[in-house]
Structure formats: structure tokens, C-alpha cells
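Inside the fold
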Amino acid sequence: MTFGLISLGCDKNRVDSEHILALLTRAGYTYTDLRTAEVIVINTCAFIESARSEAIETVLSCAEQYPQSKLIVTGCLAQKYAHEIFDSLPEVAAFVGFRDYERLPNILAEIGDARRCAVDGCKMLEEEGRILTTPPHYAYLKIADGCDNYCTYCTIPSIRGRFVSRPIENIVAEAESLVRDGVRELILVAQDVTAYGRDLYGAPSLVRLLKALLPTGIDKLRLMYCYPELVSDELIDLIAANAQIANYIDIPIQHIADDVLKRMGRRTNSAQIRDLFAKLRARGIAVRTTVMVGFPGETQEQFEELYSFLDTYRPERVGVFAYSTEEDTPSAKLKGRVSAKEKRQRVDKLGKLFLRNVQERNRSLIGRTVPVLYEDVDYDRQMFKGRTEADAPDIDCCVYFKADYADVGTVYDVTITGVDGYDLIGEQKKQL
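An account of the accompanying structure is given in this report. Keep in mind it's a predicted model, so treat the numbers as computed, not measured. (Residues numbered from 1 in each chain as written. Predicted model: local features only at pLDDT ≥ 70, side-chain atom pairs only at ≥ 80, totals over all residues. Heavy atoms only, no water.)

Regarding the overall build of the protein chain
Helix and strand counts for the protein chain stand at 13 helices and 19 strands. Relative to the globule expectation of 22 Å for 432 residues, the C-alpha radius of gyration of the protein chain, 22 Å, shows essentially globular dimensions. Based on the C-alpha atoms only, the size of the protein chain along its principal axes is roughly 65 × 60 × 45 Å. Burial analysis of the protein chain (432 residues in total) assigns 53% to the buried set. Residue pairs at least 24 apart in sequence account for 72% of intrachain contacts in the protein chain once pairs closer than 6 positions are excluded. As displayed, the protein chain has an accessible area near 19100 Å², and 50% of this comes from carbon and sulfur atoms. In the protein chain, which carries 54 positive and 64 negative side-chain charges, the distance between the mean positions of the two groups comes to 4 Å. (Helix = DSSP H or I, 4+ residues; strand = E, 2+ residues; numbered from the N terminus. Rg over C-alpha atoms; globule rule 2.2 N^0.38 Å. Buried < 20%, exposed > 50% of the residue type's maximum accessible area, 1.4 Å probe, protein only. Contact = heavy atoms within 4.5 Å. Areas by Shrake-Rupley, 256 points an atom, 1.4 Å probe, with all protein chains shown as cover. Lys, Arg positive; Asp, Glu negative; His and termini not counted. Charge placed at Lys NZ, Arg CZ, Asp CG, Glu CD.)

Brief notes about the packing of aromatic side chains
Counted according to the given criterion, the structure contains 13 aromatic pairs. One aromatic cluster in this structure is built from Y153, F295 and Y323. Against the face of Y225 rests K12, its NZ or CZ located 3.8 Å from the ring centre. Sitting over the face of the ring of Y307, K349 holds its NZ or CZ atom 4.9 Å from the ring centroid. (Phe/Tyr/Trp six-rings, centres within 6.5 Å; stacked < 30°, edge-to-face > 60°. Lys NZ or Arg CZ within 6 Å of the ring centre and 35° of its normal.)

Here we look at helix α2 (residues 49-65)
An α-helix turns once per 3.6 residues; consequently, residues spaced three or four apart project the same way. A rise of 1.5 Å per residue sets the reference length of α2, with its 17 residues, at 24 Å; its end C-alpha atoms lie 24 Å apart and thus fit the reference within 8%. Buried within α2 are the following residues: A51, R52, A55, T58, V59 and C62. Projected down its long axis, α2 shows its buried positions confined to an angular sector of 120°, all on one face. Exposed residues lying more than 90 degrees from the buried face of α2 are E57 and E64. (Expected span 1.5 Å × (residues − 1). Arc of directions from axis to C-beta.)

Looking at the nonpolar core
Ranked by size, the top nonpolar core spans 71 residues in total, and within it I143, L188, I249 and L350 carry the most contacts. Ignoring anything within four residues of it in the chain, the contact list for L188 reads L141, I143, V193, L206, L209, L210, L213, L221, R222, L223 and M224. The next biggest cluster of nonpolar side chains, apart from the first, holds 41 residues, and it includes A46, L71, A93 and Y101. (Core = buried A, V, L, I, M, F, W, Y, C linked by side-chain atoms within 4.5 Å.)

A closer look at the environment of I249
By the element assignment, I249 lies in strand β12 (residues 245-250). Owing to a relative accessible area of 0%, I249 belongs among the buried residues under this scheme. Taking the C-alpha atoms as reference points, I249 and E326, separated by 77 residues in sequence, lie 28 Å from one another. If sequence neighbours within four positions are ignored, I249 has contacts with L223, C226, V231, L235, I239, L280, I285, A286, V287 and R288.

Remarks on the pairing of strand β19 (residues 423-428)
When a strand is regular, its side chains alternate between the sheet's two faces. With four bridges connecting them, strand β17 (residues 399-402) and β19 associate as parallel partners. The residue of β19 that forms the bridge with V399 is L424. Between strand β18 (residues 411-420) and β19, which pair antiparallel and follow one another directly, the connecting turn spans two residues, one of which, G421, has a positive phi of 65°. (Pairing = 2+ DSSP bridges.)

Here we look at the pairing of β18
Here strand β15 (residues 369-378) pairs with β18 via five bridges, running antiparallel. For P371, the partnering residue across the bridge sits in β18 and is D413. Examined bridge by bridge, β18 and β19 share six bridges and lie antiparallel to one another. From the neighbouring strand, G418 faces β19, where its bridge partner is I425.

Some details on the side chain of D16
Here D16 is to be found in helix α1 (residues 11-26). The exposure class assigned to D16 is buried, which follows from its relative accessible area of 6%. Setting aside its immediate chain neighbours within four residues, D16 contacts N43, Y101, K142 and R160.

Digging into the packing of helix α8 (residues 206-213) against helix α9 (residues 233-241)
The interhelical angle for the contact between α8 and α9, taken along N-to-C directions, is 25°, at an axis separation of 10 Å. Judged by the inter-axis angle, α8 sits roughly parallel to α9. Considering only the axes of α8 and α9, their crossing is left-handed. Residues L206, V207, L210 and K211 of α8 pack against E234, L235 and L238 of α9. (Axes fitted to C-alpha atoms, helices over the stretch in contact; angles between N-to-C directions. Parallel < 35°, antiparallel > 145°, perpendicular 65-115°, else oblique. Left-handed = near helix turned anticlockwise from the far one by under 90°.)

Structural notes on the pattern of salt bridges
With the rule as written, the count across this model stands at 35 salt bridges. Of the charged contacts in the structure, one is a salt bridge between E360 and R356, with a shortest N-O distance of 4.0 Å. Of this pair, E360 and R356 both sit in helix α13 (residues 340-364), four residues apart, roughly one helical turn. Classification of E360 by relative accessible area gives partly exposed; the value is 34%. What you see here is one network of salt bridges that share partners, running through D16, K142, D145 and R160. (Salt bridge = Lys/Arg side-chain N within 4 Å of Asp/Glu carboxyl O.)

In short, geometric facts, not functional conclusions.
Here it is as C-alpha cells:
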């Protein structure tokens, strides 16, 4: 049987999709184009309403475009909502939550009959083998699943369950395999990377894990989704001192006003976040952060406090989101709703601030030579495309540069000659 796969949502979901590809391929199924697939697996996200809508729209679109295919919905939507949406989506042959991935080969074999199913299971996939969907020089390395933070706006704990770390030896073995296959950059991901190991080793053990990964020979380790309360001085020292760890850290702070942070269920206050960002700036570590506007009760003064913080500390990369009300979360019961119009205006104002700040930083680089990891070709621009160490793939800024030749996954010295929006323009430095 042939199958196709669509992966929606975050990079953690992408890793799950890569395991599904390997699982089904080992079982004898053949991966193919969606147009010819007998079965299409749609690995879904259900974090917020827009993600659930995207998943359902994808199902309906596939049913219309590929009527010859049986559709299997996997991932968070299937895990959390299969029984709620079962009757309304007759187009789906099977809903398979992420705790039932090991049964996928058998499920595919059985859907040739008229039976439909929503599988309920509790066993997580033993993560043995992946087929990468990223370019060959980088990969995401999922070190844990689930979450114990219980932020008042978030559905992840109710979908993915409690925080479960993978043993260090398993992670190192996977990293070694990926390095042997040519991967040069590993991006560590989890719902909370900094909580890694607390359930296994009695205390957060990210530094211990990083030190275990360094001997694998990986060129770069990159940290995503680090919660501010667990970014220790020891971790900062390790990032700053070790060339194998990207001089970059992703820390979603969500807000800076103490009252908003408290109602969000966050575990840091404004003073702690400001102190942390000052430390990171002093050590020259690039910061990506995520903030949320329009949380119930957010006043104009609290929004202005967030604006002022971002203008003062100027993190290198900023993601801005408007609060989305999710049923069955504590924040859904809070009073003081911010109108959709006001939320859009606040998102827009922070977006313009970030653009202004990043353009100022980019203009300061004109004439300087910076290391750039080459990744792709932009045929419209007729230029090579890459990123600096201060940029993660897909979500951060790019460098477009001219060169006679470039090898994907190789770092080149690029002289910056201009700025285009969030991105940089340059030319590969000629070797003397």
C-alpha cells in the first residue's frame, strides 16, 4: 500500500511525523505523492482554535482533491477530540492519537473495509528511527514530551499529558545516528526544554544533557522553548563558553507585567525576567522570545509596559501573538476581555517595533562580514539563502547573498551590503 503524509503544527509534531514515516516504511508501506497515495496520514495540531480549524480544513481539502485516498488523522486533534468530531467528519477512515502510533501499520492494513475507528490508547511510540523531512544538515531532536507548567491559557497538558523526559542515553544514541547521517545542527525541542530530566533525575538536567551531547561531534546544538525560571547561570555560562552550542536561546516570556504574568500562571516576575535578559545581553547571547497580547484583563498601561520592555532590551527575534480563548482552560473564565480590534492593534504595534529594531540592528551590520550557513536558493532573487547563528530555521531572519558557488550546510563568510525588511543582503567574501 502507498501512503502520503501531511504534517501540521510545530517542529515537535514534525519529529512525530518523521517517526511515522520510518514506522510505516519499515512495515513495508511505500511513501508517495499525495496524488497517487492510497492512504493519506494527516498529522495534526490542536493547540489553539486556528490550529484545529486548519486541521479540519486540511481533511476536507484532501477529501475533495484526493477522493481515491483513505484519510487517517493523527496527532493532537485525534488524541484530544476524536470522539467529539467523529460523526462530523465521515471523510476520515481512522482517528489515531499520538499514543497509538505503533498500531498505525495494522490500522492501515485494516481500513480497506468499511469500518471506521477512533483508537484509544495509552502507549507512546518507542522512537526508533526517523526519516528526516528537514534539509540534511539540520534536524530537530525532541528530548521530552508533555508539560507540567499548566499556564492558564494553554491546552498542551490536557492534550499531551505530564512532562516525560527521554533518557540521556537514548537521546545521545539518536544524536550520534543523526551525526553519522550528515546532520550538523541539532535543534533541541520539547514543550519546556529547561525542565528536561526533572522527572528522571530529580532535578532539571539540561546542562547535563548538553555536556553528554557535545562528544557526538555535532557542529551546533540550538535551544528552543526554554522557560525563564530555569535558565540558570550554569546554562548561560555553558552557552557562552562552548562553540558547539549556538549563541542563541529561545525564551517565551509571554509578558512582562507582574499582574498579567500571575494571571497567566507563569512562574517568573518582571524583575526576574529583566535580570535574566540583562545577563544574556552581557554575555552576547542572541535571544528569541514570544509574547502574548490581549490576555484577559490586560490594561493599556500593562501593554505599554511590555512595549517599553521590548524597546529597551531589544531581543534579536520576537514572535507576537494575540490571546486566543480556549475552552476548558482557567483563563477562559477570566473577566476583562480585550476586543479583537484592540488585540490586532497591539499585535501590529509590537510588530512595527520589532521591525524597526531589527532593521536598525541589520543596518549596523552593513560593511561587516558575518558567518552565514547556506541552506537554499532563492530563484526569484537569483541569490543564495542562509542564516546566521542568531537565527533558527523557518521562524527567524534570512541572509540572501551572491556567490560563485555554495555547498548546502556549509558556513561562509558573507559581507553585508544591505537590508531588505527583516532580512540581510550580502556577498560571499572572496578568499585571498
